[in-house]
Amino acid sequence: MENGYTVEQLRTAAIDAIRAPSLHNVQPWRFRLRDGAIEVLIDPARRLPATDPSGWGARLAAGAALFNLRLALAVAGTPATVRLRPYPSEPDVVARLVPDVPRRPTPAEQNLHAAIPRRFSNRAPFWPDPVPADARWRLADAARTEHCWLELLIGVSAVNAFAEIAHSANRVLERDPAYRAERHAWIRREYAPDGVPVTAGGPLAEPQDLLPARDFGDRHRPPGRDFEPEPLVAVLGSPGNTAVDQVIAGQAMQRVLLTATDSGLSVSMLSQPVEVPSAREQLRVSLGRFGAPQMVMRVGYGQPGWPTPRREVDEVLDLPVHHHA
Ligand SMILES: Cc1cc2nc3c(=O)[nH]c(=O)nc-3n(C[C@H](O)[C@H](O)[C@H](O)COP(=O)(O)O)c2cc1C
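Residues numbered from 1 in each chain as written. Predicted model: local features only at pLDDT ≥ 70, side-chain atom pairs only at ≥ 80, totals over all residues. Heavy atoms only, no water.

A few points about the nonpolar core
Right, on to step 1. Ranked by internal contacts, the top residues of the largest apolar core, which has 73 residues, are Phe31 and Leu150.
Right, on to step 2. The leading source of residues in this core is helix α2 (residues 56–75), at eleven residues.
Right, on to step 3. Discounting residues that sit within four places of it in the chain, Phe31 has contacts with Leu10, Ala14, Ala17, Ile18, Glu39, Val40, Ala65, Leu69, Val316, Leu317 and Asp318. (Core = buried A, V, L, I, M, F, W, Y, C linked by side-chain atoms within 4.5 Å. Buried < 20%, exposed > 50% of the residue type's maximum accessible area, 1.4 Å probe, protein only. Helix = DSSP H or I, 4+ residues; strand = E, 2+ residues; numbered from the N terminus. Contact = heavy atoms within 4.5 Å.)

Remarks on the environment of Arg119
Right, on to step 1. Mapped onto the secondary structure, Arg119 falls in the loop between α3 (107–115) and α4 (133–145).
Right, on to step 2. Arg119 gets classed as buried once you look at its relative accessible area, which sits at 6%.
Right, on to step 3. For the pair formed by Arg119 and Leu236, sequence separation is 117 residues and the distance between their alpha carbons is 18 Å.
Right, on to step 4. Among the polar contacts listed, one links the side chain of Arg119 to the backbone oxygen of Arg19, at a separation of 3.1 Å. (Polar contact = N/O pair within 3.5 Å; in protein donor to acceptor, adjacent residues only side chain to side chain.)

Comments concerning the layout of surface pockets
Right, on to step 1. A volume near 680 Å³ is recorded for the largest pocket.
Right, on to step 2. For the largest pocket, the lining is made up of 31 residues, of which Asn122, Ala124, Pro125, Arg219 and Gln303 are closest to its centre.
Right, on to step 3. Residue composition of the lining of the largest pocket, grouped by class: 16 nonpolar, nine polar and six charged.
Right, on to step 4. There is about 330 Å³ of room inside the second largest pocket.
Right, on to step 5. Taken together, 22 residues make up the lining of the second largest pocket; nearest its centre are Pro130, Leu153, Glu230, Pro231 and Leu232. (1 Å grid on protein atoms, 1.4 Å probe; cavity = no way out; pocket = protein on both sides within 12 Å on 5 of 7 lines; lining within 4 Å. Points joined across faces, edges and corners; volume = space filled by probe spheres on them. Nonpolar A, V, L, I, M, F, W, Y, C, P; charged D, E, K, R; others polar.)

Spelled out as structure tokens, the structure:
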């Protein structure tokens, strides 16, 4: 096909796409070229049956990878027109991207793109400094730009009410041995191209912690180094909760995360209250929102940290086979 994307364009953009976050860093995505279109797929071999039975987490991660892909293509001067879930008979195909009219990238696209390799989940305590109003506005605006909402919990009582919902969801999840086993299976004590390195885990939970943290680490905190007493908690939600809505939410999540990185902010994710249906509904009602909460983020000024590993880009590309006569 004429005017299609090339293998080289796909490969370059996919290097950015795979920096996206995913549950337990399973990296549940594949990318292929079909008739000049780039397609983003969910890799059925990388499902988490106990943690993510519905596939919500895989669709959020694929949506985040799709957002990075869109940015990378735009910054390269070849922005895409995107169709989500283009083939009803192939639900694992999350998006199809065809070239739009070439143009120069905007400064906003360039800034967000530059944040891709610097973003990482920061599970350590943040500094107590509050996040200024203009930075909070940018985060909410990032979600709106991608057709989602971001509710910032203001005040101790709102955060306490959220914490109660989150802890009870966490207790429900932790009662399931299969859920615990899945998390343990993805903790990495030595270098690996996927999974969560113990060094990226936060300090071990202690009873005074306001928010429940998923336990990936094995380190006790030094005395007095508790979590910030008044965390900024942000709930991202989408207007509906279909598979397409979840891919949209993944893109919005990534736009919020990159906007935070670009503003010098750190983020950790906590999704337990989204994973338990009754907690999710309680959270939605407590916010007085329509639609569905899709992700919760703790935002603040963090200590330095490092991006986590990814698989080689060539491992997630399905390239066209050329038949030579
Ligand atoms: C759908 C989804 C849910 C997540 N839930 C949690 C969570 O509950 N707790 C947590 O510490 N990290 C959570 N994460 C973050 C991932 O563990 C993290 O993105 C992954 O390990 C890759 O690391 P990175 O974000 O530093 O690139 C979640 C990520 C996604 C995409």
